[in-house]
Amino acid sequence: MTPQDQLKQKVAQAAIAHVVPDTIIGVGTGSTANFFIDELAKIKGTIEGAVASSEATAQRLKAHGIPVFDLNSVAEISVYIDGADEADPSLHLVKGGGGALTREKIVLAVAKKFVCIADDSKKVAVLGKFPLPIEVIPMARSYVAREIFKRFGGEPVLRDGFTTDNGNVILDVHGLKITDPVAMENELNGIVGVVTNGLFAVRKADVFLCGTANGVETITA
């Protein structure tokens, strides 16, 4: 296990303390979320089950014997636990490196609390060094790319050979300096053809469990 994976495992273990017994929880997508699923399996008898933010997450949960619920059958999720690609000091996030950003946002919308788990390499002063993922309806790809360049100056690059669980494409926008994440999130979502974007700023993390060489740091919004 690499040093970075060890940090991911530490925050995954720390996140277990935020799991609410006898409830349905939301589980994100990605390498850190996978570590969390493995830890969750150890206490699976204490929860009703989980809602998954991607097909890959659903498969991993089921492989561990954790009941997976369709979100349409769930009225409330106690907590949503997921990783991030970047986090600023206000706990605004960039997510979507794994391509599951739309389903992640939908599951999060139903959750009472959002716990972000990541290693300290994800902490940044200003969002934008990590390319910002935008999920786009395929026929609107070129139009959306032109609009993004015109409005924000970023360089949209099609994620080659990738299709989301929703059948859409991803534009990864390079070269942004995101000083007002809430405003940018809203404006991007207003472009016709955009399904959603990877800024989690309107609904940001409530708690950030950050893995460091000295242990897990708990940062609250």
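Here is what the cut-offs are and how they apply
- Residues numbered from 1 in each chain as written.
- Predicted model: local features only at pLDDT ≥ 70, side-chain atom pairs only at ≥ 80, totals over all residues.
- Heavy atoms only, no water.
- 1 Å grid on protein atoms, 1.4 Å probe; cavity = no way out; pocket = protein on both sides within 12 Å on 5 of 7 lines; lining within 4 Å.
- Points joined across faces, edges and corners; volume = space filled by probe spheres on them.
- Helix = DSSP H or I, 4+ residues; strand = E, 2+ residues; numbered from the N terminus.
- Nonpolar A, V, L, I, M, F, W, Y, C, P; charged D, E, K, R; others polar.
- Patch = residues over 30% accessible without salt bridge, like charges linked within 9 Å, V, L, I, M, F, W, Y side chains within 5 Å.
- Areas by Shrake-Rupley, 256 points an atom, 1.4 Å probe, with all protein chains shown as cover.
- Salt bridge = Lys/Arg side-chain N within 4 Å of Asp/Glu carboxyl O.
- Buried < 20%, exposed > 50% of the residue type's maximum accessible area, 1.4 Å probe, protein only.
- Axes fitted to C-alpha atoms, helices over the stretch in contact; angles between N-to-C directions.
- Left-handed = near helix turned anticlockwise from the far one by under 90°.
- Contact = heavy atoms within 4.5 Å.
- Pairing = 2+ DSSP bridges.
- Parallel < 35°, antiparallel > 145°, perpendicular 65-115°, else oblique.
- Polar contact = N/O pair within 3.5 Å; in protein donor to acceptor, adjacent residues only side chain to side chain.

A.B. asks: I would appreciate a short explanation of the layout of surface pockets in the present structure.
C.D. replies: By rolling a water-sized probe across the atoms, one finds the places where empty space is left. By volume, the largest pocket is sized at about 280 Å³. Around the largest pocket, the lining is made up of 14 residues, and of these Ala-52, Phe-69, Asp-70, Leu-71 and Arg-103 lie nearest the centre. For the lining of the largest pocket, the secondary structure elements donating two or more residues are strand S2 (49-52), helix H3 (55-63) and helix H4 (101-110). In terms of residue class, the lining of the largest pocket is made up of 8 nonpolar, 2 polar and 4 charged. A volume near 200 Å³ is recorded for the second largest pocket.

A.B. asks: Would you mind showing me how to read a nonpolar patch on the surface here?
C.D. replies: Nonpolar side chains collect at one region of the surface, where Ile-137, Met-139 and Val-195 lie side by side and expose about 300 Å² of accessible area between them. Take Val-195: it is sitting in strand S10 (residues 194-197). Given a relative accessible area of 32%, Val-195 falls into the partly exposed group.

A.B. asks: Sorry, what's going on with the packing of helix H5 (residues 141-152) against helix H6 (residues 181-189) here?
C.D. replies: It is at 11 Å that the axes of H5 and H6 come closest, and there the two elements cross at 145°. Once H5 is placed against H6, the crossing between them reads as right-handed. On the side of H5, the interface is formed by Ile-148, Arg-151 and Phe-152, while H6 contributes Met-184, Glu-187 and Leu-188. Residues of the contact of H5 with H6, tallied by class, amount to 4 nonpolar, no polar and 2 charged.

A.B. asks: Hey, could you run me through the sheet that holds S10 in this one?
C.D. replies: Backbone-to-backbone hydrogen bonds pair the strands of a sheet. The strands run either parallel or antiparallel. In space, the 4 strands of this open sheet follow the order S8-S9-S7-S10, with antiparallel pairing throughout. Because the sheet does not close on itself, it has two edges, and the strands there are strand S8 (155-158) and S10. The mean inter-strand angle of the sheet, taken between neighbouring strand axes irrespective of direction, is 30°. Here strand S7 (residues 132-136) pairs with S10 via 3 bridges, running antiparallel. Its bridge partner lying in S10, Glu-135 is registered against Thr-196. Along the sheet, H5 makes contact with S7, S8, strand S9 (169-174) and S10, crossing S9 at roughly 20°.

A.B. asks: Where do I start with the packing of helix H2 (residues 31-40) against H3 in this structure?
C.D. replies: Axes are the key here: two packed helices are described by the angle between their axes and the distance separating the axes. It is at 10 Å that the axes of H2 and H3 come closest, and there the two elements cross at 20°. Accordingly, the angle class assigned to the pair H2 and H3 is roughly parallel. In the crossing of H2 with H3, the sense of the turn from one axis to the other is right-handed. Residues Asn-34, Ile-37, Asp-38 and Leu-40 of H2 form the contact with H3, whose own contacting residues are Thr-57, Arg-60 and Leu-61. A per-class count over the contact of H2 with H3 returns 3 nonpolar, 2 polar and 2 charged.

A.B. asks: Help me out: how do you make sense of the pattern of salt bridges in this one?
C.D. replies: When the charged atoms of two side chains with opposite charge come close together, those side chains can pair. Using the criterion set out here, one finds 12 salt bridges in the structure. Note that Glu-104 is salt-bridged to Lys-95, the shortest N-O span being 3.3 Å. One salt bridge connects Arg-151 with Glu-147, and the closest N-O pair in it is separated by 3.1 Å. Note that Arg-151 and Glu-147 are positioned in helix H5 at a spacing of 4 residues, about one turn of the helix. One network of salt bridges, with partners in common, ties together Glu-147, Lys-150, Arg-151 and Glu-187.

A.B. asks: How do you make sense of the side chain of Asn-197 when you look at a structure like this?
C.D. replies: With respect to the helices and strands, the residue Asn-197 is situated in strand S10. At 3.1 Å, the side chain of Asn-197 forms a polar contact with the backbone oxygen of Glu-185. A distance of 2.9 Å separates a polar atom in the side chain of Asn-197 from the backbone nitrogen of Leu-199. Once you skip the residues sitting within four places of it in the chain, Asn-197 turns out to touch Leu-101, Lys-105, Pro-133, Ile-134, Glu-185, Leu-188 and Asn-189.

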